[in-house]
Amino acid sequence: MKRLLMIILILAALLISGCTESQDKPEKSIDELKTLSLSAADNLTGYSLQSTMTRVRTLNAVGENATSENATTITESAETTAIVSLVEHKAHAKGSTAIEAKQPGLDSNTTTTKADVYQMGNSTYIMDESGNWTHLQDPRTTEEIWGGGNNNQVKAMAETFNLSPVEMAGSEKIDDTDAYKLRIITGESDDEALYNTAFSLVASMVSYPMFMPQIDRAELNETGKIEKSIWISKSTYLPVKYHSLMSFTVTPSIVGALDINTSQMTMFNESIGMGAIDVRIETSDVYYDFDKQVGIAPPAEALEAPVIRPIQIRAENSSQG
């Protein structure tokens, strides 16, 4: 009797083990994941997205005053949630931005903005901070705007994954989804993006083209860091998360100024040095609710807003000029 009971228990254990193994999908290679991800994204009917971005700039003083106590920190952050119906050509996005500035000896100052946007075919409805709606109508057709995978950010992410050299970095759960984590290997294009980001930031700070900035590329290359990761669902093979981090330090200088009389850039005999700028930019996109049917409809007050077309905007700007 004891022997019979032991045999039954062993058989039960084998049956349970067999069921578990048959339910688990075998691990996929990177090439297989790329192919499956692109195919799944191409057949997508809709999705939701939660996106965040944080950019921190630390502006250091020059020379002996370059201490942490004398530094100014500017933190910009943005959050967006969106629902997109690719088959109905509709989308709804809500977002907010915040800019916090901390200057030596002063209280921190924060400004915030919010946005509520509906994209319905070739019409865009935007609510401003006062709660007023604007209706912009694109002269292009709905098919021109939405066709060919336009507005399918999941497909765009799958295409990026497909074209990028990557390496497996393990597995993680994104919310309740089991996913492969893959690290995107950066290259020359990322180095160029690093330079363009740094130069654009410095150019905006010195009011280019009124003043011509210059940055040390050697310093940028030495301090620059770019990390990118993507997570692919083990069940649907769709991208479920993307994360990027860029950080660098630049010590720019101003080497010229625009001559208002000649509209030409005049170069200085000696450059004007600026303090070092530490920058950290982090973004995260999480995709979910794939192929979920949702109702997207602007409120009545948005639909009642008068239509504004690009030709009207150009005419109004010309009359004001």
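Data block above holds the structure.
Now for a quick tour of the structure. Given the structure is predicted, the values throughout are model-derived calculations rather than measurements. The residue numbering used here restarts from 1 in each chain and proceeds along that chain's sequence as written. Local features in this predicted model are restricted to residues whose pLDDT is 70 or higher, and side-chain atom pairs enter the listing and the counts only when it is 80 or higher, whereas totals over whole chains, interfaces and linings include all residues. Hydrogen atoms and water are omitted, and side-chain values are computed over all heavy atoms in the structure.

1. A short note on the sheet that holds strand S11 (residues 239–250)
No. 1: Taken in spatial order, the twelve strands of this open sheet run S7-S8-S10-S11-S14-S1-S2-S3-S4-S5-S6-S15, and their pairing is mixed. Because the sheet does not close on itself, it has two edges, and the strands there are strand S7 (166–174) and strand S15 (307–308).
No. 2: In short, DSSP must find at least two bridges between two strands for them to pair. Helix and strand definitions here come from DSSP, where helices need a minimum of 4 consecutive H or I residues and strands a minimum of 2 consecutive E residues; each element is numbered from the N-terminal end. By the bridge criterion, seven bridges tie S7 to strand S8 (residues 177–184) in an arrangement that is antiparallel. Bridge assignment links Glu-172 to a residue of S8, and that residue is Ala-179.
No. 3: Strands S7, S8, strand S10 (225–233) and S11 of the sheet are contacted by helix H2 (residues 30–42), whose axis makes an angle of about 60 degrees with S7.
No. 4: Against the sheet, helix H5 (residues 188–205) engages strand S1 (46–59), S10, S11 and strand S14 (277–288), with an angle of about 60 degrees to S11. Whether two residues are in contact is decided by their heavy atoms: any pair within 4.5 Å suffices. Helix axes use the C-alpha atoms of the stretch in contact, all axes being lines fitted to C-alpha atoms, and the angles between their N-to-C directions lie in the range 0 to 180 degrees.

2. Some remarks on unusual backbone geometry
No. 1: A cis amide bond links Tyr-208 to the next residue, Pro-209, at an omega of 15 degrees.
No. 2: With respect to the helices and strands, the residue Pro-209 is situated in the loop between H5 and strand S9 (211–214).
No. 3: The backbone of Tyr-237 sits at a positive phi, close to 65 degrees, despite the residue not being glycine.
No. 4: Summarising the element assignment, Tyr-237 is placed in the loop between S10 and S11.
No. 5: The phi angle at Asp-291 is positive, at roughly 60 degrees, despite the residue not being glycine.

3. Points about empty space enclosed by the protein
No. 1: Grid points spaced at 1 Å and placed over the protein atoms alone form the basis of the search, with a cavity being a set where a 1.4 Å probe fits but cannot get out and a pocket an open set showing protein on both sides within 12 Å along at least five of seven lines. Lining residues have an atom within 4 Å of a point. Grid points are joined across faces, edges and corners, and a volume is the space filled by probe spheres set on the points. Scanning the model with the defined rule gives one cavity of 30 Å³ or more in all.
No. 2: Contributing to the lining of the largest cavity are Gly-46, Tyr-47, Ser-48, Ile-83, Val-84, Asp-289, Lys-292 and Val-294.
No. 3: Sorting elements by how many residues they give to the lining of the largest cavity places S1 first, with three residues.
No. 4: Three classes are used, and their members are as follows: Ala, Val, Leu, Ile, Met, Phe, Trp, Tyr, Cys and Pro are nonpolar, Asp, Glu, Lys and Arg are charged, and the others, Gly among them, are polar. Per-class residue counts for the lining of the largest cavity are four nonpolar, two polar and two charged.

4. Structural notes on a nonpolar patch on the surface
No. 1: Within the patch definition used here, like charges are joined within 9 Å and nonpolar side chains (Val, Leu, Ile, Met, Phe, Trp, Tyr) within 5 Å, considering only residues with over 30% relative accessible area and no salt bridge. Accessible surface is estimated by sampling points in the Shrake-Rupley manner with a 1.4 Å probe; for residues, cover comes only from the protein chains shown. Every case where a carboxyl oxygen of Asp or Glu lies within 4 Å of a side-chain nitrogen of Lys or Arg is listed as a salt bridge. On the surface, Met-210, Phe-211, Ile-260, Phe-268 and Ile-272 cluster together into a nonpolar patch covering about 460 Å² of accessible area.
No. 2: Along the chain, the position of Ile-272 falls in strand S13 (residues 264–273).

5. Some points on the packing of aromatic side chains
Given two aromatic rings, one states the distance between the centres and the angle between the planes to describe the pair.
No. 1: Any two of the Phe, Tyr and Trp rings considered here, Trp counted by its six-membered ring, make a pair once their centres fall within 6.5 Å; the pair's planes then place it as stacked at under 30 degrees, edge-to-face at over 60, or tilted in between. Inspection of the entire model under this criterion finds four aromatic pairs.
No. 2: Between Tyr-47 and Tyr-287, the ring centres sit 6.3 Å apart and the planes meet at 65 degrees, which makes this aromatic pair edge-to-face. Of the two residues, Tyr-47 sits in strand S1 while Tyr-287 sits in strand S14, which places them 240 residues apart along the sequence.
No. 3: Site record: aromatic cluster; members linked through ring pairs are Tyr-195, Phe-199 and Tyr-208.
No. 4: Of note, Arg-217 hangs over the ring of Tyr-195, and the distance from its end group to the ring centre comes to 4.2 Å.
No. 5: Whether a charge lies above a ring is judged from NZ of Lys or CZ of Arg, which has to be within 6 Å of the ring centre and within 35 degrees of the ring normal. Note that Lys-241 overlies the ring of Trp-231, its terminal NZ or CZ placed 4.8 Å from the centroid.

6. Here we look at H5
Since there are 3.6 residues in each turn of an α-helix, residues three or four apart along the chain are aligned in direction.
No. 1: To estimate the expected span of a helix, count its residues, drop one, and scale the result by 1.5 Å. Spanning 18 residues, H5 covers 26 Å between terminal C-alpha atoms, matching the ideal 26 Å at 1.5 Å per step.
No. 2: Of the residues one or two after H5, Ser-207 is the one with positive phi, at around 60 degrees.

7. Remarks on the pairing of strand S3 (residues 90–102)
No. 1: Examined bridge by bridge, strand S2 (residues 72–85) and S3 share 13 bridges and lie antiparallel to one another. Residue Glu-76 lies in a different strand from S3, and its bridge partner there is Ile-99.
No. 2: Counting the residues in the hairpin turn of S2 and S3 gives four residues, including His-89, whose phi is positive at 60 degrees.
No. 3: Both S3 and strand S4 (residues 109–120) contribute to a ladder of twelve bridges, which runs antiparallel. Directly across from Ala-98, in S4, lies its bridge partner Thr-112.
No. 4: Count of turn residues in the S3/S4 antiparallel hairpin: six residues, of which Gly-105 carries a positive phi of about 75 degrees.

8. So, the pairing of S2
No. 1: With 14 bridges connecting them, S1 and S2 associate as antiparallel partners. What sits directly across from Thr-54, in S2, is Ser-77.

9. Section: the sheet that holds strand S12 (residues 253–259)
No. 1: What the three strands build is an open sheet, ordered S9-S12-S13; its pairing is antiparallel. For this open sheet the edge positions go to S9 and S13, each flanked by a neighbour on one side alone. Going from strand to strand, the sheet's axes swing by 25 degrees on average, the running direction of each strand aside.

Scope: geometric values only; no functional claims are made or implied.
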